[in-house]
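# An overview of the molecular structure
The lines below spell out each chain.
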Amino acid sequence: MGKPMGKLLAALAGASVVWLASCRPAPPPPPPTMAAVVEASGANSSMIDRAAQFRRDIVAASVRTGVVLDARAMAFYVRQPEKLAARCRLLGFADVYLAVSDPARIGEQAATLTALLRELHRAGMQCYAALDLNYLYGYDNSVTLNPFADGLAARAVAPVVGFNTAWGRAADERFDGIEAILLPYRQSAGVSGRSAPLYRWNEDEWGRNSENSTLIRETLDLMRQIRGKAAALTVVQNIGADFHDRTLADQLARGGVNNFLDFCDVVIIDNVSNRPEEILRRITPELRDAVGKASVAVRIITSQDFYGEQAARHSFSRKPWRKLVAELHGVCRKAGAYPSFRGLVFDDFLGLEACWERTR
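Nothing here was measured: the structure is a model prediction, and the numbers come from that model.

## Things to note about the overall build of the chain
Along the chain, the regular secondary structure elements total 14 helices and 8 strands. Residue burial in the chain is summarised as follows: out of 360 residues, 49% are buried. Here the contacts in the chain between residues at least 6 apart in sequence split such that 80% fall between residues at least 24 apart. With the model as given, the accessible surface of the chain reaches about 17400 Å², and the carbon-plus-sulfur share is 54%.

Given below as structure tokens:
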């Protein structure tokens, strides 16, 4: 090989090294310091002290603490995603559940979601697409005759998977998992015609062959589809607070906590209480029997509605901050005796934030 050709090949090789180096993704920025978080959050001194108490008494007593960002929260902070992320980080949240009201139209929210996902990830949190899938209990009025088509639940979560794999989507702009909200007792009332569910939940009807058991079996089949479609994404599912108890009493077929953990990584026990002793009574059987470590979380209602009957029976946001933290510290401390306990999921952020901001 002549010297000119050798020099040319050497130059090309050097240029290739430079080009390849330039194509490598830039390392993620370091997580913000607590001082930067405090500044970005806009929290006053009282809120900073309360947040420290929350982290010390609730977050430190759990494996992972979560919070729900509903559509109102994301709309309120749409121009300040860094402030919302800072406030979540200041409270010590590790998991954030972002409500996706219509997965089929997730592309229309792409700019807003990617901006928020970037900020939440930069602050050190994992992000889940929270999908209300209760409509899947209804009769399918768009049945496909294609034998190779995915099932209904798989098709329902496909837009989230597609969002993650979109061209140019950076790692910190993707969801880490999917939360499936599939609770048969939340079926919409008054639905009729081709969109009506084939079976209905009935609090007066129990048994291994009851409609309630049929709905549980249907839920598990939907979860199987979701698990198959979700690939490497973490899958979180909600379960009723009495599903496991009813199964142990032979009033439900296959509604135990481990039946659901066959198809998901984490379950969130729903519809509990705002009384700590009642919470512990209702979650202890699941914590005792669940096979996976840090696999059972508990939904804590912090409703933006402070005055309704539902809030009076379920919401913690009606309580003074110190009482909220003290009572839930006791729950976490006792629940933490079980390896399966993951932590609390606060639903929702704006209700908790209002309680956090109050002067009392």
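## Considering the pattern of salt bridges
Where charged atoms from two side chains of opposite charge approach closely, those side chains can pair. All told, the structure shown has 20 salt bridges when counted by the stated rule. Close ionic contact of arginine 288 with aspartate 289 constitutes a salt bridge, the shortest N to O distance being 2.8 Å. For aspartate 289, a relative accessible area of 24% gives the class partly exposed. Across the salt bridge formed by glutamate 327 and lysine 319, the nearest N and O atoms sit 2.6 Å from each other. For glutamate 327, a relative accessible area of 18% gives the class buried.

## Examining the environment of arginine 358
Looking at the secondary structure, you find arginine 358 in the segment after helix H14 (349-357). The spacing of arginine 358 and methionine 47 is 311 residues in sequence and 8.7 Å in space, taken between C-alpha atoms. Within the structure, arginine 358 has its side chain in polar contact with the backbone oxygen of lysine 319 (distance 3.0 Å).

## Some points on the environment of threonine 219
In this structure, threonine 219 sits in helix H8 (residues 211-230). Judged by its relative accessible area of 1%, threonine 219 falls in the buried class. Once the C-alpha coordinates of threonine 219 and asparagine 134 are considered, the two residues, 85 residues apart in sequence, prove to be 9.5 Å apart. The contacts of threonine 219, once residues within four sequence positions are left out, are Tyr137, Leu182, Pro184, Gln237 and Phe260. A distance of 2.6 Å separates polar atoms of two side chains, one belonging to threonine 219 and the other to tyrosine 137.

## Thoughts on the packing of helix H11 (residues 276-289) against helix H13 (residues 321-335)
Axis separation between H11 and H13 bottoms out at 10 Å; the angle between their running directions is 20°. Taken together, H11 and H13 sit at an angle that is classed as roughly parallel. For the pair H11 and H13, the crossing hand works out as right-handed. Here H11 contributes Pro276, Ile279, Leu280, Ile283 and Leu287 to the contact with H13, which in turn contributes Glu327, Val331, Lys334 and Ala335. Grouping the constituent residues of the contact of H11 with H13 by class yields 7 nonpolar, no polar and 2 charged.

## What to know about the nonpolar core
Of all hydrophobic cores here, the largest spans 91 residues; its most connected members are Phe54, Leu69, Leu98, Phe175 and Phe346. Excluding residues within four positions of it along the chain, phenylalanine 346 makes contact with Phe54, Ile58, Thr65, Gly66, Val67, Val68, Phe93, Ile300, Thr302, Leu328 and Leu352.

## Overview of the sheet that holds strand S5 (residues 234-240)
One closed barrel holds the 8 strands; their spatial order is S1-S2-S3-S4-S5-S6-S7-S8, and the pairing between them is parallel. Neighbouring strand axes in the sheet, compared pairwise and without regard to direction, differ in orientation by 25° on average. Strands S5, strand S6 (266-270), strand S7 (296-301) and strand S8 (341-347) of the sheet are contacted by H11, whose axis makes an angle of about 160° with S7.

## Comments concerning helix H5 (residues 81-90)
By the criterion of burial, H5 is predominantly enclosed, with 7 of the 10 residues buried. Taken together, the buried positions of H5 are occupied by Pro81, Leu84, Ala85, Ala86, Arg87, Cys88 and Leu90. Here the buried face of H5 lies against helix H2 (34-41), helix H3 (45-59), strand S1 (66-69), helix H4 (71-76), helix H6 (110-122) and H14.

## Notes on unusual backbone geometry
Glycine aside, negative phi is the norm for most residues, and most peptide bonds take the trans geometry. Going from aspartate 347 to aspartate 348, the amide bond is cis rather than trans, its omega being 20°. Tracing the sequence through the fold places aspartate 348 in the loop between S8 and H14. The residue arginine 254 is not glycine, and still its phi comes out positive at about 55°. Mapping arginine 254 onto the fold places it in the loop between helix H9 (243-248) and helix H10 (257-261). The backbone phi angle of alanine 294 is positive, close to 50°, even though this residue is not glycine. The exposure class assigned to alanine 294 is buried, which follows from its relative accessible area of 15%.

## Observations concerning the confidence of the model for the chain
Per-chain confidence: the chain averages 86 in pLDDT, with 83% of residues scoring 70 or above. pLDDT under 50 marks residues 15-23. Its contacts with residues more than four places away, or in other chains, come to 0 contacts. Below a pLDDT of 50 lies the segment residues 189-194, which in the model reaches 5 contacts outside its immediate sequence neighbourhood of four places, other chains included.

## Regarding the side chain of threonine 247
The residue threonine 247 is located in helix H9 in this model. There is a polar contact of 3.3 Å between the side chain of threonine 247 and the backbone nitrogen of glycine 256. Those residues in contact with threonine 247 that sit more than four places away from it in its chain are Leu252, Arg254, Gly255 and Gly256.

Basis of the calculations
Residues numbered from 1 in each chain as written. Predicted model: local features only at pLDDT ≥ 70, side-chain atom pairs only at ≥ 80, totals over all residues. Heavy atoms only, no water. Helix = DSSP H or I, 4+ residues; strand = E, 2+ residues; numbered from the N terminus. Buried < 20%, exposed > 50% of the residue type's maximum accessible area, 1.4 Å probe, protein only. Contact = heavy atoms within 4.5 Å. Areas by Shrake-Rupley, 256 points an atom, 1.4 Å probe, with all protein chains shown as cover. Salt bridge = Lys/Arg side-chain N within 4 Å of Asp/Glu carboxyl O. Polar contact = N/O pair within 3.5 Å; in protein donor to acceptor, adjacent residues only side chain to side chain. Axes fitted to C-alpha atoms, helices over the stretch in contact; angles between N-to-C directions. Parallel < 35°, antiparallel > 145°, perpendicular 65-115°, else oblique. Left-handed = near helix turned anticlockwise from the far one by under 90°. Nonpolar A, V, L, I, M, F, W, Y, C, P; charged D, E, K, R; others polar. Core = buried A, V, L, I, M, F, W, Y, C linked by side-chain atoms within 4.5 Å. Pairing = 2+ DSSP bridges. pLDDT = per-residue confidence, 0-100.

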